[in-house]
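Each chain, written out:
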Amino acid sequence: VDAMHNGGQMAAVAARTASSTVKAFYVIKELAKLSLQVRHEQLQGAAAQLALEALAHVEECSHRCIQLLVRALGAHDTKPELAADAAWMLHKLTQRCDVTRQWGREADGLEAVRFAIARHSEHYSLVQWAVGTVQNLSGLRGLASLLGVGARLPDSVVASILWSVYDLLKLERDSNESVELLRLLVQLLTEGSHDIEVQSACCSAIGAVIIEDARLGALLVELGGVPILLNTLRQSRTLGSATDTLTCACINTLASLAKASSSHAEVIRQHGGVQVLAQLDAQGRGGCEDEAAMWALGYLGGIGTVLQAMSHAPASQAVVRGGLDVIAELACQLNAPYEVSTLPEVLQALLNLWCQISSPSQTTGHRCRKKCIGAICSTVTGLVPHADPGQCPELDRAVLGLLEVQTQEIAGDADVEIAELTLECLGRLMLIRPSWQRHLQQFGAEEVFSQRIRTGRTHRRMLKYAFWASAALSGLPFVCKQLQQHLRSADTIIAGFCTIIDILDDDLEGDWVLRQAERCDENAVPGVLRLISEAMEGYLGDALLQSRGCHCVGLLAAHAPLGAAPRETIAAVFAAVRRHDRCSYVARDACYAFHALLEPVGGGLGPAGINRATEDGTRWATERREAVAALLREGGAEAICRQCLTEFADIANVELLEEAAVVLCALAGVPAVLVVLAEAGPGPARTVGIKALAEFSRQQPLKLRGCVEAVANAVMAMAAESMEDAMLQQNAALVLGFCETCRISEGVQQI
């Protein structure tokens, strides 16, 4: 420590030599790198040895620096300024480096930091850096150990520790540590200081511990946390606006408890939680705590209680906003008959509020308008499964009101968001209960959606919502009609392509799938394919548009009569993949289109009603497939697939590799694919390629005839090179099984 007090001169010397020292580090680094490139063994060994010695010396000095800082923090005669600087340096050095953290723990850094906090607790900066250092060295466990001696520390220090705990809990949680930490936090809140900052930090940390964890919520209830939080909440409201953070922390923790478990909600109700929260909103000051209280009230008392609280404080925008938020969250989830029966009343109240805040004389902000529409949409979604048109007057008015919103002009971002919410709601109600399709069509929904598409071309996401809702209403024919009218708008084309994918792709999962939407007859598919290729031709430089277009071609070709895809459609796919030959997602969708063109699932009948299950039908199908294959070969599909297997051979392109391998099998034969895979070496291309080969062999076993031995030998050789690759071994076994089946079949035929 004495040496540190005389460190000014050393610092000056260090500053003068800094430039040469930096250059010396560069020399060491370059020496280590160059020693690996020389051929002379003696020179290589000597240079590497010198570099290692230099690095070892640097490591030793770095280790001593950490020890020096730890000693400075733990010394009895260290002044606060020196300890603060040492804590800052130690915090920075242990922030991102595992080695320095290990050295700090080995040097008893935790004990030194605890000592420094206790000795210099009045020094704010020192405490902040010291707490951060404990967090770096030992995480939650170390911070909890500081709280164990919280009674001997000033409130400001305890608050700093608790806020660090809160920040760390937001990033990561250890379930084993969380149990003991929760016990400690409840104990601190029960027996600790009445300082507002300490209580705020403690309640916030408790909320961060139990969030999304019903088990820890149950422990909090068991420890008596509910009455403690409610008492803290009551007291906080008597102390003015200075306690807003504490109030919000208590309310959010209670809301988390109620949301996680109905039994937890019942405990809160038994302790008077609903009355406390309702009283807070009635006396609200318009801050975030009022919004949080409405959220908690919804989970504790239901939507009816929320409406009642909103009616008692109609002038408080915070109460209204919070009520709308929780209605939007809960209304669409209600299933019990007694809960659903309350929704018409809720919907009527929301419609009245919408009329009020939409009035030109009102100064209500866009935020409240958006929240009101969100609550209306959620309530409509909750009611629709239980009512057809004409059965619930409030629902009928709400649906027509949402349709009317689409006729309003877009003046700003809030209007765009409102339009998106209403479009999604209208689309979903038609998917949930198809009887609403006819109802909306009677009120001109098609023209309303068409107008929204025409006027919304500058808003990409809203365009997609408009197309999606249109497809839910009138299916693929309506989407194609809109595409035909907007071939000069790239964003509109992309939105249309995405909607076609939502309608046709049976492999998609999620809330946006449109499987129930009307499709088109297979005889109409060639016309739709021509429309897709025409749209693609106009924007060849747009990679996303070309990718979506190729995907649409693949989906449509799979449902078209065999060989019915127009030549211009195939040309459009080739143009896309050639223009964007370095773009993996364009290549993926182009190969998918090639695959679908070769293996369509539609077209049960051939020309003049020939059944494809008969010998004549099989011959006809083979001829048509070969004609398509000839077109793909002529266009260079083989070279494209080989390039994909070579240039996109990484795990991120599994779908692309599989499609390319299957298409290459169909066009060039199985042996050609095996050559490419053998040259690729062990890795994703080979693993995925063998999988594709297994699938191709299962679907077209006749393609193995005449090359069974060559295929089996090549696959066994590749499997032997990658014994650790479980997926490759599994698929290799499948291919070998198909080969054996083919051998047996050939033997039977010879007999």
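Below is a short write-up of the structure. (Residues numbered from 1 in each chain as written. Predicted model: local features only at pLDDT ≥ 70, side-chain atom pairs only at ≥ 80, totals over all residues. Heavy atoms only, no water.)

**So, the overall build of the protein**
Rules: The helix count covers DSSP runs of H or I at least four residues long, the strand count covers runs of E at least two residues long, and both are numbered beginning at the N terminus. When a residue's accessible area, from a 1.4 Å probe over protein chains only, is under 20% of the maximum for its type it is buried; when over 50% it is exposed; and in between it is partly exposed. In this analysis, two residues are considered to be in contact whenever any of their non-hydrogen atoms come within 4.5 Å of each other. In short, Shrake-Rupley with a 1.4 Å probe defines the accessible areas, and a residue's cover is counted only from the protein chains shown.
A tally of helices and strands in the protein yields 37 helices and zero strands. Out of the 751 residues belonging to the protein, those deemed buried represent 48%. Of the contacts made within the protein by residues no fewer than 6 positions apart, 71% connect residues no fewer than 24 positions apart. Of the accessible surface of the protein, which amounts to about 35500 Å², a share of 53% is contributed by carbon and sulfur atoms.

**Considering unusual backbone geometry**
Even without being glycine, Asp108 reaches a positive phi, approximately 60 degrees. Following the sequence through the fold, Asp108 ends up in the loop between helix 5 (98–106) and helix 6 (109–119). For Asp108, a relative accessible area of 52% translates into the label exposed.

**Brief notes about the nonpolar core**
This is how it is decided: What makes a nonpolar core is a set of buried Ala, Val, Leu, Ile, Met, Phe, Trp, Tyr and Cys residues whose side-chain atoms join them at distances within 4.5 Å.
Residues Met310, Ile327, Val380, Leu395, Phe449, Ile532 and Leu632 are the most contacted members of the largest nonpolar core, which totals 241 residues. The greatest single-element share of this core, amounting to 14 residues, is contributed by helix 25 (residues 460–485). For Ile532, the residues in contact, after removing those within four places along its chain, are Leu483, Phe497, Ile500, Gly549, Cys552, Val553 and Leu556.

**Here we look at the pattern of salt bridges**
Worth spelling out the cut-off: Salt bridge, as used here, is a side-chain nitrogen of Lys or Arg placed within 4 Å of a carboxyl oxygen of Asp or Glu.
Under the definition given, this model contains 23 salt bridges. Between Arg433 and Asp388 there is a salt bridge, with its nearest N and O atoms 2.6 Å apart. Separated by 45 residues along the polypeptide, Arg433 in the loop between helix 22 (413–432) and helix 23 (435–442) and Asp388 in the loop between helix 20 (366–383) and helix 21 (393–405) bring together distant segments of the chain. The class for Arg433 is partly exposed, based on a relative accessible area of 23%. By relative accessible area, Asp388 is classed as partly exposed at 23%.

**Some points on the packing of helix 34 (residues 670–680) against helix 36 (residues 708–721)**
Stated formally: Fitted lines through C-alpha atoms serve as axes, helices being fitted only where they are in contact, and the angles separating the N-to-C directions of these axes extend from 0 to 180 degrees. For classification purposes, angles smaller than 35 degrees are called roughly parallel, those larger than 145 roughly antiparallel, those between 65 and 115 roughly perpendicular, and all remaining angles oblique. Handedness of a crossing follows from how the near helix is turned relative to the far one, being left-handed for an anticlockwise turn of less than a right angle and right-handed for a clockwise one. Gly is placed with the polar residues, together with every amino acid not listed as nonpolar (Ala, Val, Leu, Ile, Met, Phe, Trp, Tyr, Cys and Pro) or charged (Asp, Glu, Lys and Arg).
In contact at an axis separation of 10 Å, helix 34 and helix 36 are set at 20 degrees when each is read in the N-to-C sense. As the angle between them shows, helix 34 and helix 36 are arranged roughly parallel. Of the two possible hands of crossing, helix 34 and helix 36 adopt the one that is left-handed. Between helix 34 and helix 36, the contacting residues are Val670, Leu674, Leu677 and Ala678 on the first element and Val711, Ala714, Val715 and Met718 on the second. Here the contact of helix 34 with helix 36 is composed, by residue class, of eight nonpolar, no polar and no charged.

**Thoughts on the environment of Thr407**
Within the secondary structure, Thr407 sits in the loop between helix 21 and helix 22. Taking relative accessible area as the criterion, Thr407 reaches 53% and is therefore assigned exposed. Sequence-wise, Thr407 and Ala419 are 12 residues apart; in three dimensions their C-alpha atoms are separated by 9.4 Å. In contact with Thr407, other than residues within four places in its own chain, are Val448 and Arg452.

**Quick notes on the environment of Arg698**
Checked against the element boundaries, Arg698 lands in helix 35 (residues 684–699). Each C-alpha atom of the pair Arg698 and Phe738 lies 7.1 Å from the other, and the pair is 40 residues apart in sequence.

**Some remarks on the packing of helix 34 against helix 35**
At a minimum axis separation of 9 Å, helix 34 and helix 35 run at an interaxial angle of 165 degrees. The orientation of helix 34 relative to helix 35 falls into the category roughly antiparallel. For helix 34 against helix 35, the interelement crossing comes out left-handed. Here Val670, Leu674, Leu677, Ala678 and Ala680 of helix 34 lie close against helix 35, whose contacting residues are Ala685, Arg686, Gly689, Ile690, Leu693 and Phe696. Among the residues forming the contact of helix 34 with helix 35, the class breakdown is nine nonpolar, one polar and one charged.

**Comments concerning helix 21**
Rules: Expected span of a helix: the number of residues minus one, times 1.5 Å.
The end-to-end C-alpha separation of helix 21 is 18 Å, in line with the 18 Å expected for 13 residues at 1.5 Å each. Turning to helix 21, the residues buried within the fold contact helix 19 (343–357), helix 20, helix 22, helix 23 and helix 24 (445–455).

**Regarding helix 34**
Within helix 34 the residues assigned to the buried category are Val670, Ala672, Val673, Leu674, Val676 and Leu677. Those residues of helix 34 hidden inside the fold are in contact with helix 32 (637–647), helix 33 (654–668), helix 35 and helix 36. Immediately downstream of helix 34, the backbone of Gly681 shows phi near 80 degrees, a positive value.

**Focus on the packing of aromatic side chains**
Going by this rule: Classification of ring pairs rests on two measures: the distance between centres of Phe, Tyr or Trp rings, Trp counted by its six-membered ring, which must be within 6.5 Å, and the angle between planes, read as stacked under 30 degrees, edge-to-face over 60 and tilted in between.
Following the criterion strictly, the structure yields three aromatic pairs and no others. Where Trp163 meets Tyr166, the ring centres are 5.6 Å apart and the plane angle is 80 degrees; that geometry is what we call edge-to-face. Of this pair, Trp163 and Tyr166 both sit in helix 8 (residues 155–171), three residues apart, which is roughly one turn of that helix. In this structure Trp163 comes out as partly exposed when scored by relative accessible area, which is 23%. Taking 5.9 Å as the distance between ring centres and 55 degrees as the angle between the ring planes, the aromatic pair formed by Trp295 and Tyr299 counts as tilted. One end of the pair is Trp295 and the other is Tyr299, both in helix 16 (residues 288–312) and four residues apart, which spans about a single turn.

**Some thoughts on a nonpolar patch on the surface**
The following threshold applies: Patches draw on residues past 30% relative accessible area with no salt bridge. Two like charges within 9 Å are joined, as are two nonpolar side chains (Val, Leu, Ile, Met, Phe, Trp, Tyr) within 5 Å.
Nonpolar side chains collect at one region of the surface, where Trp88, Met89 and Leu93 lie side by side and expose about 270 Å² of accessible area between them. Positionally, Met89 belongs in helix 4 (residues 80–94).

**Quick notes on the side chain of Ser547**
Structurally, Ser547 is set in helix 28 (residues 543–557). Among residues more than four places away in sequence, those in contact with Ser547 are Tyr585, Val586, Arg588 and Asp589.

**Concerning the state of the cysteines**
Rules: Disulfides are defined in this document as cysteine sulfur pairs within 2.5 Å.
For the coordinates displayed, the defined rule picks out zero disulfides. Looking at the unpaired Cys203, the closest cysteine sulfur is the one in Cys250, lying at 3.7 Å.

Function cannot be read off these values alone, since they describe shape.
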